[in-house]
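What follows is the residue order along each chain.
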Amino acid sequence: MTDAQNTAADTTLRASGDSPPDPRPAPVPLLEPREGIPPVVATDEALAEVVAAFAGGTGPVAVDAERASGYRYGQRAYLVQLRREGAGSALIDPVGCPDLSGLGEAIGDAEWVLHAATQDLPCLRDIGMVPTRLFDTELAGRLAGFARVGLGAMVENVLGFALEKGHSAVDWSTRPLPEPWLRYAALDVELLVDLRDALEEELTRQGKLEWARQEFAAIAAAPPPPPRKDPWRRTSGMHKVRRRRQMAVVRELWTARDQVAQRRDVSPGKVLGDAAIVEAALNLPPNSHALAALPGFGHRMGRRQLEQWQCAVDRARALAESELPQPGQPLNGPPPPRAWADKDPAAAARLSAARASVTALAEQLNLPQENLITPDTVRRLCWEPPELPTAESVAEVLAGHGARPWQIEQVTPILTEALQADAD
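So, here's what we can say about the structure. (Residues numbered from 1 in each chain as written. Predicted model: local features only at pLDDT ≥ 70, side-chain atom pairs only at ≥ 80, totals over all residues. Heavy atoms only, no water.)

## A closer look at the packing of helix α10 (residues 244-264) against helix α12 (residues 274-283)
Angle between the axes and distance between the axes are the two parameters that describe a pair of packed helices.
Here's step 1: One way to put it is that α10 packs onto α12 with a least axis distance of 8 Å and a crossing angle of 145°. When you trace α10 past α12, the crossing you get is right-handed. Across the interface between the two elements, Gln246, Val249, Val250, Leu253, Trp254 and Arg257 from α10 touch Asp274, Ile277, Ala280, Ala281 and Leu282 from α12.
Here's step 2: Classifying every residue of the contact of α10 with α12 gives 8 nonpolar, 1 polar and 2 charged. (Axes fitted to C-alpha atoms, helices over the stretch in contact; angles between N-to-C directions. Helix = DSSP H or I, 4+ residues; strand = E, 2+ residues; numbered from the N terminus. Left-handed = near helix turned anticlockwise from the far one by under 90°. Contact = heavy atoms within 4.5 Å. Nonpolar A, V, L, I, M, F, W, Y, C, P; charged D, E, K, R; others polar.)

## Looking at the packing of aromatic side chains
How two aromatic rings sit relative to each other is set out by the distance from centre to centre and by the angle between their planes.
Here's step 1: Across all of its chains, the model carries 5 aromatic pairs by this definition.
Here's step 2: Ring centres of Phe135 and Phe216 lie 4.7 Å apart, and the angle between their planes is 50°; on these two criteria the pair is classed as tilted. You can see Phe135 sitting in strand β6 (residues 133-136) and its partner Phe216 sitting in helix α9 (residues 209-221), a full 81 residues away along the chain.
Here's step 3: The buried category is assigned to Phe216, whose relative accessible area is 3%.
Here's step 4: Site record: aromatic cluster; members linked through ring pairs are Trp172, Trp181 and Tyr184.
Here's step 5: Above the plane of the ring of Tyr78 lies Arg76, whose end atom (NZ or CZ) is 4.8 Å from the centre. (Phe/Tyr/Trp six-rings, centres within 6.5 Å; stacked < 30°, edge-to-face > 60°. Buried < 20%, exposed > 50% of the residue type's maximum accessible area, 1.4 Å probe, protein only. Lys NZ or Arg CZ within 6 Å of the ring centre and 35° of its normal.)

## Looking at the pairing of strand β2 (residues 58-67)
Regular strands place side chains that alternate from one sheet face to the opposite one.
Here's step 1: Of all 10 residues that make up β2, 7 are buried, and the element is covered over most of its length.
Here's step 2: Where β2 meets strand β3 (residues 77-85), 8 bridges bridge the pair, whose relative direction is antiparallel. Across the sheet, Thr58 pairs through a bridge with Glu85, a residue of β3.
Here's step 3: When β2 meets strand β5 (residues 111-114), the two strands line up parallel, connected through 2 bridges. What sits directly across from Ala62, in β5, is Val113. (Pairing = 2+ DSSP bridges.)

## Looking at the sheet that holds β5
Here's step 1: Taken in spatial order, the 6 strands make up an open sheet running β1-β4-β3-β2-β5-β6, and their pairing is mixed. Two strands bound the open sheet, and with one partner strand each, they are β1 (40-41) and β6.
Here's step 2: In this fold helix α2 (residues 44-55) packs onto β1, β2, β3 and β4 (88-92), with an angle of close to 145° to the strand it touches most, β4.

## Remarks on the nonpolar core
Here's step 1: Leu82 and Ile92 are the most contacted members of the largest nonpolar core, which totals 79 residues.
Here's step 2: Contact partners of Leu82, with chain neighbours within four places excluded, come to Phe54, Val61, Ala62, Val63, Gly88, Ser89, Ala90, Ile92, Leu103, Ile107, Met129 and Val189. (Core = buried A, V, L, I, M, F, W, Y, C linked by side-chain atoms within 4.5 Å.)

## Here we look at the side chain of Glu215
Here's step 1: One can find Glu215 in helix α9.
Here's step 2: Given the relative accessible area of 6%, Glu215 is considered buried.

## Overview of the pairing of β6
Here's step 1: Sheet topology note: the β5/β6 ladder contains 4 bridges and is parallel. Residue Trp112 lies in a different strand from β6, and its bridge partner there is Leu134.

## A closer look at the pattern of salt bridges
Think of it this way: side chains of opposite charge can pair up when their charged atoms draw near.
Here's step 1: With the rule as written, the count across this model stands at 21 salt bridges.
Here's step 2: A salt bridge links Asp376 to Arg379; the nearest nitrogen and oxygen atoms lie 3.8 Å apart. In this pair, Asp376 and Arg379 both sit in helix α18 (residues 375-383), 3 residues apart, roughly one turn of the helix.
Here's step 3: What emerges from the salt-bridge pattern is a single network uniting Arg34, Glu35, Arg83, Glu190 and Asp194. (Salt bridge = Lys/Arg side-chain N within 4 Å of Asp/Glu carboxyl O.)

Structure (structure tokens):
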């Protein structure tokens, strides 16, 4: 229990006198902005003032970004929030100020504090903000063994304050941004540095601070992910599509939808739903009239839209057999574990033993299994183990798959034992 929660509990007991304590928990105070809601920065002049203020601030910098997922095409930032000791809070509009590289340089030497950093770093990178050091409060919470690691839950459980809820999934591309949304955005960075300090103390107490530092360094050093190969294969409901001609319909419709969505700057799902794409693939409609009868292509869709989608279907129908996509994605690594028993029973046995050992160790260390070692790394090791599974050879394989030194130290003994047991 935090000091704030202890104080609230003590106050309740004192106020009750000789009466039995109230079984209901004391209400958690709602967090308020310390300096009010800052004005939104949308001009070069106002941005220059923010850059100067944050360059002159001290200590870590709390950073957050709001996107318009589900409303706009892509994952660009539509609001950036920052807070630093000596500079206060700032709300910056990346539409009015699309280049924040000057701000990024001004705070480049500071530690950036983010919650779920991997979600925000791509859109921050696009506007010129790239940290050299960071502290991820969500990841810190996972390593410390917290069951709920959302920002609101962490602030309440660790610091004893409640954050306002309800605006995380709004359309942040809206202009002007409503005052309640701005209030919500400002509060997201209000206590982020305080949360960071409390989590650092907890990680130190558990002997996990060095683990966290290695994780944060890996995130900061990671390059942007490469473009996904054949993204149309991730269409929801794709498992129903079995024939290659049907797969070609999904590919053509997905590509046409993506082009429309990008041109209109709207979420692809608002242009045409995945379920509609799959229905068209399964039915292979011969004309737009037949297409209109399918779910997702109803009476609300105009004739020109129907014709555009039917053209995509027709392109797929006209492809030569050699041009049709192959079923399944090319494997970059081992096959799905469900197929191991048939393909390689020994590998399946290794994987079963390794998984059981990782589960037990993760429970002992009070952290999620996927943070102890990624499931993909365990699969790759078990599918292609070193010829002689010693601690040194297993550690070398783990390092080759990107495991951090702390992870290698923790899991090498148990994974080596699992592989050696199979070898015996």
